[in-house]
Amino acid sequence: MPRSSDNLWDLAVAEVQRKENSEDDTEASADSERSVFFIGNKNGGKTTIILRCIDRDEAPKPTLALEYTFGRRAKGHNTPKDIAHFWELGGGLSLMDLINIPITIENIRTFSIVLVLDLSKPNELWHTIEKLLPITKNHVDKIIADIGKSNSKAANQIVQNVWRSFPNNHPDLESEKRKIICKTLRFVSHFYGASLLFTARLNPIKELCVCL
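- As annotated in an unreviewed UniProt entry, the chain carries the name Cytoplasmic dynein 2 light intermediate chain 1 and is attributed to Staurois parvus.
- Under the Sequence similarities (unreviewed entry) heading, UniProt states for the chain: "Belongs to the dynein light intermediate chain family."

## Comments concerning the pattern of salt bridges
Then comes step 1: Taken as a whole, this structure holds six salt bridges when the rule is applied.
Then comes step 2: Residue Asp 118 pairs with Lys 121 through a salt bridge whose shortest N-O separation is 4.0 Å.
Then comes step 3: Residue class for Asp 118 comes out buried when judged on its relative accessible area of 13%.
Then comes step 4: Judged by relative accessible area, Lys 121 falls into the partly exposed class, the value being 28%.
Then comes step 5: Of the charged contacts in the structure, one is a salt bridge between Lys 149 and Asp 146, with a shortest N-O distance of 3.5 Å. Taken together, the residues Lys 149 and Asp 146, both in helix H3 (residues 122–150) and three residues apart, mark about one turn of the helix.

## Looking at the nonpolar core
Then comes step 1: Among the nonpolar cores identified, the biggest contains 16 residues, and Phe 37, Ile 99, Ile 103, Ile 108 and Ile 147 are the most heavily contacted of them.
Then comes step 2: Taken together, the elements giving at least two residues each to this core come down to strand E1 (33–40), H3 and helix H4 (152–164).
Then comes step 3: With five residues, H3 is the single largest residue contributor to this core.
Then comes step 4: One finds Val 36, Ile 54, Phe 86 and Val 116 within the second-largest nonpolar core, a separate group that totals six residues.

Here is what the cut-offs are and how they apply
- Residues numbered from 1 in each chain as written.
- Predicted model: local features only at pLDDT ≥ 70, side-chain atom pairs only at ≥ 80, totals over all residues.
- Heavy atoms only, no water.
- UniProt positions renumbered as here; feature names shortened; annotations may be inferred.
- Salt bridge = Lys/Arg side-chain N within 4 Å of Asp/Glu carboxyl O.
- Buried < 20%, exposed > 50% of the residue type's maximum accessible area, 1.4 Å probe, protein only.
- Helix = DSSP H or I, 4+ residues; strand = E, 2+ residues; numbered from the N terminus.
- Core = buried A, V, L, I, M, F, W, Y, C linked by side-chain atoms within 4.5 Å.

Following this line, the structure appears as structure tokens:
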């Protein structure tokens, strides 16, 4: 409640401090809570991973549709507990329409997505990735766009935070790009019954790479 002795400057300072304190409380609350959404192959081990995360020693049961659970873990004595919200999509690719439910404007800043792939079923890997990731990304993009309509700074910050965890100058990027390109070209070559050769102009003997 403003006092009669407060001038306009005092009131403005008090309002700024109130907003900053409110934002600090929101960020502190967000820092202690995270949401994780597991998607991927049917019977790929999503439930098992979640049970390990929350230290529950029990046999996993089949996930029928979209299931939710949570876990708490104390940081230390007399400190707030970290809370993790776990969502799991069952049914592999049959229930993709439910992907939109767990991801909301309220939790997008503290939301992570885990794609679980069953390596024992290599023929399903690409199909699973191709179906699940675009749908999930489109929904996330829509939420960020909605946030940007009222707060473009917040929307840009969300995007920057994602890429900040893996900067463009990371030393692994260049070698990983080469591996991905090579593997992709090998796949195309094998698909058409061809061979793949790499060579360099300066030192063709040293740089020659044959992928068969």
